[in-house]
Amino acid sequence: MIERLFWESRGISIQEVVYLEMVYALIIVLLEVLTGVWADHTSRRRLIQIGVGLEWLSFIVILYSFTFTGFFVAISCSAVGSVIRSGAENALLYESLQESREASSFERVLGKLNAIGIVAAVMAALSGSVLAQYLPMEWNYKLSILSLMIATISSLFLVEPTHREREERLTWRHLFKGFQFVWSKKQLRHVTISFLAAVSAFNFIDEFWQLYARDVSVPIYWFGVISSGLLLIQLPGQLFAGTIVHFAPSERWLKRFGWVMGGGFLFIGLFPSPIGIGVMGLLGLLYGAMEPLYYGLLHHQVPSSIRATTESSISMLWHLGILILGIVFIGGTTSSLFLAFILIGLVVWFVHAIHS
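Calculation notes
- Residues numbered from 1 in each chain as written.
- Predicted model: local features only at pLDDT ≥ 70, side-chain atom pairs only at ≥ 80, totals over all residues.
- Heavy atoms only, no water.
- Helix = DSSP H or I, 4+ residues; strand = E, 2+ residues; numbered from the N terminus.
- Rg over C-alpha atoms; globule rule 2.2 N^0.38 Å.
- Salt bridge = Lys/Arg side-chain N within 4 Å of Asp/Glu carboxyl O.
- Buried < 20%, exposed > 50% of the residue type's maximum accessible area, 1.4 Å probe, protein only.
- Phe/Tyr/Trp six-rings, centres within 6.5 Å; stacked < 30°, edge-to-face > 60°.
- Contact = heavy atoms within 4.5 Å.
- 1 Å grid on protein atoms, 1.4 Å probe; cavity = no way out; pocket = protein on both sides within 12 Å on 5 of 7 lines; lining within 4 Å.
- Points joined across faces, edges and corners; volume = space filled by probe spheres on them.
- Nonpolar A, V, L, I, M, F, W, Y, C, P; charged D, E, K, R; others polar.
- pLDDT = per-residue confidence, 0-100.
- Polar contact = N/O pair within 3.5 Å; in protein donor to acceptor, adjacent residues only side chain to side chain.
- Patch = residues over 30% accessible without salt bridge, like charges linked within 9 Å, V, L, I, M, F, W, Y side chains within 5 Å.
- Areas by Shrake-Rupley, 256 points an atom, 1.4 Å probe, with all protein chains shown as cover.

A.B. asks: Which parts of the structure should I look at to understand the overall build of the protein?
C.D. replies: Summing up its helical and strand segments, the protein has 14 helices and zero strands in all. Going residue by residue from the N terminus, the α and β elements of the protein occur as α-α-α-α-α-α-α-α-α-α-α-α-α-α. In terms of overall size, the protein behaves like a compact globule, its C-alpha atoms giving a radius of gyration of 20 Å where 356 residues would be expected to give roughly 21 Å. Projected onto the principal axes, the alpha-carbon positions of the protein cover approximately 55 × 50 × 35 Å.

Listed below in structure tokens is the structure:
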């Protein structure tokens, strides 16, 4: 909650914040697939340790930085750490469950882990804003460094599965194997494209709900409650994703959720009012379920030898999807924020219509 205020206190302008966000996104897109391939040809446990360590280093650098260069180094460390962990984490989780013959519980376990992350984010946001009132803002970063140090130490106790398929000879063709696998499976290809359209769209609720709330005259003192609510509403979806697959296949749930996601964007754009914030909450609930459902569907099919590569390929497409929808969103905002949401909804519906 105080991140941008801290950056401003260190002399980082809004324009420089945008530049740093662009650097972060560019590193993710450029390295996502490369690190996924790397994870499939080395120890995934080791990459997770390196990734967490780099996140820890980024906070240390930020704490002692007073220039754009220092923040550039910190953001670069954070981006590389994030992208290194990206494909390796879920791959290690799935194969650990597979080794103990519990692969069928992947969606449930992943949902619970994501739920813990959401609760931690809410607690960090609330405690950060409270601490900032009574202590220097640097204290929040010191606590984050301590937390990441504990995470780094904990990562040393991860265990690599003993039975893994590996292709020993590494070539440039491995960069495309994840894309090729998804493209070769017609049903998986259609579900993937629909999933990416829906979850990429939700990013614009996450980023711009404050402007929507302001434009529909929601008092600013409700913003903290809304921010926490949009995170916490994802918990039921994350926690029950592993349960609902027993009632219908993941493909069917994902298609239905995608149609509702597009419809939700159309509603909040066509009928701007405080009720739109409630609709955003409903979309957050669906978003919470979509991630574990899709990654469960993916990991149940993908070979171990390209597991991290394939997930990293999906992650790269996800970021590209946000970029494409961003262009649509910017086009809409030239008229109004509400038109931008309508256009996003129409794009999501169009993608689902041609891939149903």
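A.B. asks: I'm lost on the pattern of salt bridges in this one. Help?
C.D. replies: Opposite charge on two side chains permits them to pair, given that their charged atoms come into close proximity. One pass over the structure, following the stated rule, counts two salt bridges. Glu55 is the salt-bridge partner of Arg85, the closest N and O atoms lying 3.2 Å from each other. You can see Arg85 sitting in helix H4 (residues 68–99) and its partner Glu55 sitting in helix H3 (residues 44–63), a full 30 residues away along the chain. Grouping residues by exposure puts Arg85 and Glu55 together as buried. A salt bridge links Asp215 to Arg214; its shortest N-O distance comes to 3.0 Å. Taking the relative accessible area as the measure of exposure, Arg214 reaches 52% and is therefore exposed.

A.B. asks: Is there a simple way to think about the packing of aromatic side chains in this case?
C.D. replies: A ring pair, where both rings are aromatic, is described by two values, the distance of the centres and the angle of the planes. The full count for this structure, using the stated rule, is 15 aromatic pairs. A centroid spacing of 5.0 Å and a plane angle of 25° characterise the contact between Phe204 and Phe329, whose relative ring orientation is stacked. Of the two residues, Phe204 sits in helix H8 (residues 186–215) while Phe329 sits in helix H13 (residues 307–333), which places them 125 residues apart along the sequence. Judged by relative accessible area, which is 4%, Phe329 ranks as buried. Aromatic side chains Tyr212 and Phe338 sit 5.6 Å apart centroid to centroid with 85° between the ring planes, which places their arrangement in the edge-to-face category. With a gap of 126 residues between them, Tyr212 in helix H8 and Phe338 in helix H14 (residues 337–354) connect regions that are remote in the sequence. The class for Tyr212 is buried, based on a relative accessible area of 0%. Members of the aromatic cluster, connected to one another through ring pairs, are Phe204, Phe208, Tyr212, Phe265, Phe329, Phe338 and Phe341.

A.B. asks: It is not clear to me how the environment of Phe6 should be interpreted in this structure. Could you clarify?
C.D. replies: Here Phe6 is to be found in helix H1 (residues 3–9). Classification of Phe6 as buried rests on a relative accessible area of 0%. Measuring from C-alpha to C-alpha, the distance between Phe6 and Pro136 comes to 9.6 Å, with 130 residues separating the pair along the chain.

A.B. asks: What is the right way to read the environment of Val351 from this model?
C.D. replies: Mapping Val351 onto the fold places it in helix H14. For the pair formed by Val351 and Ile60, sequence separation is 291 residues and the distance between their alpha carbons is 43 Å. Leave out the neighbours within four places in its chain, and Val351 touches Ile193, Ser194 and Ala197.

A.B. asks: Looking at this structure, I do not really get unusual backbone geometry. What am I missing?
C.D. replies: Glycine aside, negative phi is the norm for most residues, and most peptide bonds take the trans geometry. Positive phi, normally seen in glycine, also occurs at Ser217, with a value near 65°. Along the chain, Ser217 falls in the loop between H8 and helix H9 (223–232).

A.B. asks: Please clarify how the layout of surface pockets should be interpreted in this entry.
C.D. replies: Unoccupied space between atoms shows up once a probe the size of one water molecule is rolled over them. Estimates place the volume of the second largest pocket at around 240 Å³. The set of elements that each furnish at least two residues to the lining of the second largest pocket consists of H8, H13 and H14. Broken down by class, the residue content of the lining of the second largest pocket amounts to nine nonpolar, two polar and no charged.

A.B. asks: Looking at this structure, I do not really get the confidence of the model for the protein. What am I missing?
C.D. replies: Low-pLDDT stretches of the model should not have their predicted coordinates read in fine detail. Confidence in the prediction of the protein, expressed as mean pLDDT, is 82, and 92% of residues score 70 or more. Within the protein, H14 carries the highest mean pLDDT (92), whereas H1 carries the lowest (71).

A.B. asks: Can you walk me through the environment of Ser336 in this structure?
C.D. replies: Mapped onto the secondary structure, Ser336 falls in the loop between H13 and H14. Residue Ser336 is classed as partly exposed on the basis of its relative accessible area, which comes to 24%. A polar contact of 3.1 Å, which involves the side chain of Ser336, links it to the backbone nitrogen of Leu339.

A.B. asks: Teacher, can you tell me more about a nonpolar patch on the surface here?
C.D. replies: On the surface, Leu143, Leu146, Met149, Ile150, Ile153, Leu156 and Phe157 cluster together into a nonpolar patch covering about 690 Å² of accessible area. You can see Leu156 is positioned in the loop between helix H6 (138–155) and helix H7 (174–184).

A.B. asks: Help me understand the side chain of Arg307 in this model?
C.D. replies: Along the polypeptide, Arg307 turns up in helix H13. The buried category is assigned to Arg307, whose relative accessible area is 2%. Among residues more than four places away in sequence, those in contact with Arg307 are Asp40, Arg44, Ala91, Tyr94, Glu95, Gln98, His299 and Val302.

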